[in-house]
Amino acid sequence: DTAVSQTPKYLVTQMGNDKSIKCEQNLGHDTMYWYKQDSKKFLKIMFSYNNKELIINETVPNRFSPKSPDKAHLNLHINSLELGDSAVYFCASSQEADEAFFGQGTRLTVV
Amino acid sequence: GESVGLHLPTLSVQEGDNSIINCAYSNSASDYFIWYKQESGKGPQFIIDIRSNMDKRQGQRVTVLLNKTVKHLSLQIAATQPGDSAVYFCAETYNDYKLSFGAGTTVTVRA
(Lines give C-alpha, C1' and ligand atoms only; values in the text may rest on other atoms or scores of the structure.)
Protein backbone atom coordinates (compact mmCIF):
# COMPACT_ATOMS: atom_id res chain seq x y z
CA ASP A 1 0.00 0.00 0.00
CA THR A 2 1.61 3.22 -1.15
CA ALA A 3 1.93 5.76 1.66
CA VAL A 4 2.24 8.90 -0.47
CA SER A 5 1.05 8.59 -4.04
CA GLN A 6 1.12 11.21 -6.72
CA THR A 7 -0.16 11.17 -10.26
CA PRO A 8 0.85 11.32 -12.97
CA LYS A 9 4.42 10.03 -12.80
CA TYR A 10 5.31 11.68 -16.09
CA LEU A 11 3.79 14.77 -17.64
CA VAL A 12 4.82 16.26 -20.97
CA THR A 13 3.03 19.40 -22.03
CA GLN A 14 3.40 22.50 -24.14
CA MET A 15 4.22 25.96 -22.94
CA GLY A 16 1.20 27.95 -21.94
CA ASN A 17 -0.88 24.96 -20.92
CA ASP A 18 -2.45 24.44 -17.51
CA LYS A 19 -1.84 21.16 -15.69
CA SER A 20 -2.48 19.55 -12.33
CA ILE A 21 -0.59 17.02 -10.23
CA LYS A 22 -2.49 15.09 -7.59
CA CYS A 23 -1.20 13.80 -4.28
CA GLU A 24 -2.76 11.60 -1.65
CA GLN A 25 -1.37 10.21 1.58
CA ASN A 26 -2.86 7.37 3.61
CA LEU A 27 -0.65 7.85 6.67
CA GLY A 28 -3.06 10.04 8.57
CA HIS A 29 -0.53 12.86 8.62
CA ASP A 30 -1.57 16.45 9.28
CA THR A 31 1.08 18.14 7.16
CA MET A 32 1.68 17.89 3.42
CA TYR A 33 4.26 19.51 1.18
CA TRP A 34 5.22 20.15 -2.40
CA TYR A 35 8.91 20.17 -3.31
CA LYS A 36 10.57 20.94 -6.62
CA GLN A 37 13.75 19.13 -7.65
CA ASP A 38 15.78 20.71 -10.41
CA SER A 39 18.17 19.10 -12.86
CA LYS A 40 21.00 19.38 -10.33
CA LYS A 41 18.97 17.38 -7.82
CA PHE A 42 18.43 20.34 -5.54
CA LEU A 43 15.22 19.96 -3.53
CA LYS A 44 13.38 23.14 -2.67
CA ILE A 45 10.21 23.44 -0.69
CA MET A 46 7.34 25.16 -2.47
CA PHE A 47 4.36 24.83 -0.16
CA SER A 48 3.44 23.37 3.17
CA TYR A 49 -0.09 22.70 4.39
CA ASN A 50 -1.17 21.74 7.88
CA ASN A 51 -4.71 20.47 8.33
CA LYS A 52 -5.70 21.98 4.98
CA GLU A 53 -4.28 25.39 5.89
CA LEU A 54 -1.40 26.97 3.96
CA ILE A 55 1.57 27.35 6.28
CA ILE A 56 4.46 28.00 3.93
CA ASN A 57 4.60 29.54 0.48
CA GLU A 58 8.21 29.88 -0.54
CA THR A 59 7.93 32.77 -3.00
CA VAL A 60 6.53 30.50 -5.64
CA PRO A 61 5.00 32.29 -8.67
CA ASN A 62 1.27 32.63 -8.35
CA ARG A 63 0.89 30.47 -11.46
CA PHE A 64 1.31 27.64 -8.94
CA SER A 65 -1.78 27.09 -6.84
CA PRO A 66 -1.97 24.28 -4.31
CA LYS A 67 -5.32 23.02 -3.16
CA SER A 68 -6.04 20.82 -0.17
CA PRO A 69 -9.61 19.52 -0.22
CA ASP A 70 -8.92 17.50 2.93
CA LYS A 71 -5.84 16.73 4.96
CA ALA A 72 -5.13 13.54 2.97
CA HIS A 73 -4.88 15.37 -0.35
CA LEU A 74 -2.73 18.18 -1.66
CA ASN A 75 -2.99 18.91 -5.36
CA LEU A 76 -0.82 21.27 -7.35
CA HIS A 77 -2.24 23.23 -10.24
CA ILE A 78 0.07 25.11 -12.57
CA ASN A 79 -1.17 27.75 -14.99
CA SER A 80 0.55 29.03 -18.11
CA LEU A 81 3.40 26.54 -17.95
CA GLU A 82 6.87 27.81 -18.80
CA LEU A 83 10.02 25.98 -19.89
CA GLY A 84 11.60 26.72 -16.52
CA ASP A 85 8.87 24.77 -14.77
CA SER A 86 10.38 21.55 -16.08
CA ALA A 87 11.50 19.59 -13.03
CA VAL A 88 10.53 16.72 -10.80
CA TYR A 89 7.84 17.64 -8.31
CA PHE A 90 7.58 15.70 -5.08
CA CYS A 91 4.69 15.55 -2.69
CA ALA A 92 5.44 14.63 0.92
CA SER A 93 3.67 14.32 4.24
CA SER A 94 4.67 14.30 7.87
CA GLN A 95 3.17 14.18 11.31
CA GLU A 96 4.23 16.92 13.69
CA ALA A 97 8.00 17.00 14.04
CA ASP A 98 8.67 13.62 12.49
CA GLU A 99 10.32 12.79 9.18
CA ALA A 100 8.62 13.54 5.89
CA PHE A 101 7.55 10.70 3.63
CA PHE A 102 7.89 11.38 -0.07
CA GLY A 103 5.95 10.26 -3.10
CA GLN A 104 7.65 8.84 -6.18
CA GLY A 105 7.71 12.19 -7.95
CA THR A 106 6.17 13.66 -11.08
CA ARG A 107 8.57 14.47 -13.88
CA LEU A 108 7.18 17.51 -15.65
CA THR A 109 8.59 18.38 -19.04
CA VAL A 110 7.46 21.59 -20.71
CA VAL A 111 8.18 21.77 -24.44
CA GLY B 1 20.64 31.02 0.08
CA GLU B 2 19.90 27.65 1.53
CA SER B 3 20.97 26.96 5.06
CA VAL B 4 21.99 23.37 4.51
CA GLY B 5 24.79 22.26 2.25
CA LEU B 6 27.12 19.36 1.60
CA HIS B 7 30.87 19.49 1.36
CA LEU B 8 31.28 17.19 -1.65
CA PRO B 9 28.91 16.61 -4.54
CA THR B 10 30.26 13.11 -5.30
CA LEU B 11 31.80 10.26 -3.37
CA SER B 12 33.25 7.09 -4.84
CA VAL B 13 33.78 4.24 -2.40
CA GLN B 14 34.98 0.67 -2.66
CA GLU B 15 32.44 -1.99 -1.80
CA GLY B 16 32.95 -3.08 1.77
CA ASP B 17 34.60 0.16 2.87
CA ASN B 18 32.99 2.69 5.16
CA SER B 19 31.50 5.87 3.70
CA ILE B 20 31.33 9.27 5.33
CA ILE B 21 29.08 11.96 3.92
CA ASN B 22 29.31 15.45 5.36
CA CYS B 23 26.89 18.29 5.64
CA ALA B 24 27.15 21.83 6.99
CA TYR B 25 24.22 23.90 8.12
CA SER B 26 24.04 27.57 9.01
CA ASN B 27 20.85 27.91 11.03
CA SER B 28 21.77 27.49 14.67
CA ALA B 29 18.06 27.38 15.54
CA SER B 30 17.61 24.09 13.67
CA ASP B 31 16.61 21.36 16.08
CA TYR B 32 15.93 18.34 13.92
CA PHE B 33 18.08 16.81 11.21
CA ILE B 34 17.40 14.01 8.79
CA TRP B 35 19.40 12.05 6.25
CA TYR B 36 17.58 10.91 3.13
CA LYS B 37 18.60 8.54 0.37
CA GLN B 38 17.31 9.03 -3.15
CA GLU B 39 17.69 6.28 -5.71
CA SER B 40 17.28 6.96 -9.39
CA GLY B 41 13.66 7.55 -10.36
CA LYS B 42 12.40 7.49 -6.78
CA GLY B 43 11.54 9.92 -4.06
CA PRO B 44 13.81 10.58 -1.08
CA GLN B 45 13.67 7.87 1.58
CA PHE B 46 14.29 8.39 5.26
CA ILE B 47 17.52 6.86 6.56
CA ILE B 48 18.07 8.24 10.02
CA ASP B 49 17.35 11.34 12.05
CA ILE B 50 18.77 13.15 15.03
CA ARG B 51 17.52 15.89 17.31
CA SER B 52 19.62 18.74 18.56
CA ASN B 53 19.77 17.37 22.10
CA MET B 54 21.86 14.44 20.84
CA ASP B 55 25.25 14.23 19.17
CA LYS B 56 25.18 10.68 17.87
CA ARG B 57 22.57 8.21 16.76
CA GLN B 58 23.03 4.75 15.31
CA GLY B 59 20.88 2.69 13.03
CA GLN B 60 21.46 -0.42 11.03
CA ARG B 61 24.86 0.13 9.34
CA VAL B 62 24.39 3.90 9.58
CA THR B 63 25.46 6.45 12.15
CA VAL B 64 24.65 10.13 12.23
CA LEU B 65 26.88 12.56 14.08
CA LEU B 66 25.86 16.09 14.98
CA ASN B 67 28.33 18.76 16.01
CA LYS B 68 26.34 21.82 16.96
CA THR B 69 29.43 23.85 17.79
CA VAL B 70 30.54 23.92 14.18
CA LYS B 71 27.09 23.23 12.73
CA HIS B 72 28.15 20.01 11.06
CA LEU B 73 26.29 16.80 10.37
CA SER B 74 27.70 13.58 9.00
CA LEU B 75 26.38 10.22 7.89
CA GLN B 76 28.56 7.16 8.20
CA ILE B 77 27.67 4.02 6.30
CA ALA B 78 29.44 0.87 7.41
CA ALA B 79 30.49 -1.83 4.93
CA THR B 80 29.11 0.03 1.92
CA GLN B 81 27.17 -2.14 -0.50
CA PRO B 82 26.20 -1.65 -4.17
CA GLY B 83 22.64 -0.94 -3.04
CA ASP B 84 23.94 2.11 -1.19
CA SER B 85 24.64 3.86 -4.49
CA ALA B 86 22.31 6.85 -4.49
CA VAL B 87 22.11 10.57 -3.83
CA TYR B 88 22.21 11.41 -0.13
CA PHE B 89 20.65 14.55 1.29
CA CYS B 90 20.83 16.10 4.69
CA ALA B 91 17.83 18.12 5.76
CA GLU B 92 17.12 20.38 8.68
CA THR B 93 14.13 21.98 10.25
CA TYR B 94 13.53 24.47 13.03
CA ASN B 95 9.80 24.18 12.97
CA ASP B 96 7.40 21.48 11.99
CA TYR B 97 6.54 22.77 8.56
CA LYS B 98 9.67 23.43 6.60
CA LEU B 99 12.32 20.85 5.87
CA SER B 100 15.29 22.46 4.11
CA PHE B 101 17.55 20.24 2.03
CA GLY B 102 21.18 20.45 1.10
CA ALA B 103 22.43 19.97 -2.43
CA GLY B 104 23.04 16.22 -2.19
CA THR B 105 26.03 13.92 -2.46
CA THR B 106 26.07 11.26 -5.14
CA VAL B 107 27.59 8.06 -3.76
CA THR B 108 28.94 5.50 -6.21
CA VAL B 109 29.99 2.12 -4.91
CA ARG B 110 32.80 0.39 -6.85
CA ALA B 111 32.72 -3.37 -7.03
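Residues numbered from 1 in each chain as written. Chains lettered and ligands numbered in written order. Predicted model: local features only at pLDDT ≥ 70, side-chain atom pairs only at ≥ 80, totals over all residues. Heavy atoms only, no water.

Caption draft 1: How the structure looks around the pattern of salt bridges. Counted by the stated rule, this structure contains seven salt bridges over all chains. Between B:Lys98 and A:Glu58 there is a salt bridge whose closest N-O contact spans 3.3 Å. Highlighted residues: B:Lys98 in the loop between strand 9 (86-93) and strand 10 (100-101) and A:Glu58 in the loop between strand 6 (53-57) and strand 7 (64-70), drawn from two different chains. Measuring nitrogen to oxygen at the nearest pair gives 2.2 Å for the salt bridge that ties B:Arg57 to B:Asp49. (Salt bridge = Lys/Arg side-chain N within 4 Å of Asp/Glu carboxyl O. Helix = DSSP H or I, 4+ residues; strand = E, 2+ residues; numbered from the N terminus.)

Caption draft 2: Region of interest: the pairing of strand 8 (residues 73-78) of chain A. Residue and element names in this part refer to chain A. The side-chain alternation of strand 8 yields one buried face, formed by Leu74, Leu76 and Ile78, and one unburied face, formed by His73, Asn75 and His77. In terms of strand pairing, strand 3 (residues 19-25) meets strand 8 through four bridges, oriented antiparallel. By the bridge assignment, serine 20 is partnered in strand 8 with histidine 77. Sheet topology places strand 7 next to strand 8; five bridges connect them, and they run antiparallel. By the bridge assignment for strand 8, serine 65 is matched with histidine 77. (Buried < 20%, exposed > 50% of the residue type's maximum accessible area, 1.4 Å probe, protein only. Pairing = 2+ DSSP bridges.)

Caption draft 3: Representation of the side chain of A:Ser48. With respect to the helices, strands and loops of the structure, A:Ser48 is situated in strand 5 (residues 43-50). Leaving out residues up to four positions away in the same chain, A:Ser48 has contacts with A:Thr31, A:Met32, A:Tyr33, A:Glu53, A:Leu54, A:Ile55, A:Ile56 and B:Tyr97. (Contact = heavy atoms within 4.5 Å.)

Caption draft 4: View of the interface of chain B and chain A. Facing the 20 residues of chain B at the interface are 26 residues of chain A. Across the chain B/chain A interface, buried area totals approximately 1,800 Å², and carbon plus sulfur atoms make up 57% of it. Here chain B and chain A share one salt bridge between them. The tally of links between chain B and chain A comes to five residue pairs in polar contact (both at pLDDT 80 or more). When residues of the side of chain B that touches chain A are traced back to their parent elements, those giving at least two are strand 4 (32-38) and strand 5 (45-51) of chain B. If one sorts the elements of the side of chain B that touches chain A by residue count, strand 4 of chain B sits on top with four residues. Per-class residue counts for the side of chain B that touches chain A are ten nonpolar, four polar and six charged. (Buried area = accessible area lost by both parts, 1.4 Å probe. Polar contact = N/O pair within 3.5 Å; in protein donor to acceptor, adjacent residues only side chain to side chain. Nonpolar A, V, L, I, M, F, W, Y, C, P; charged D, E, K, R; others polar.)

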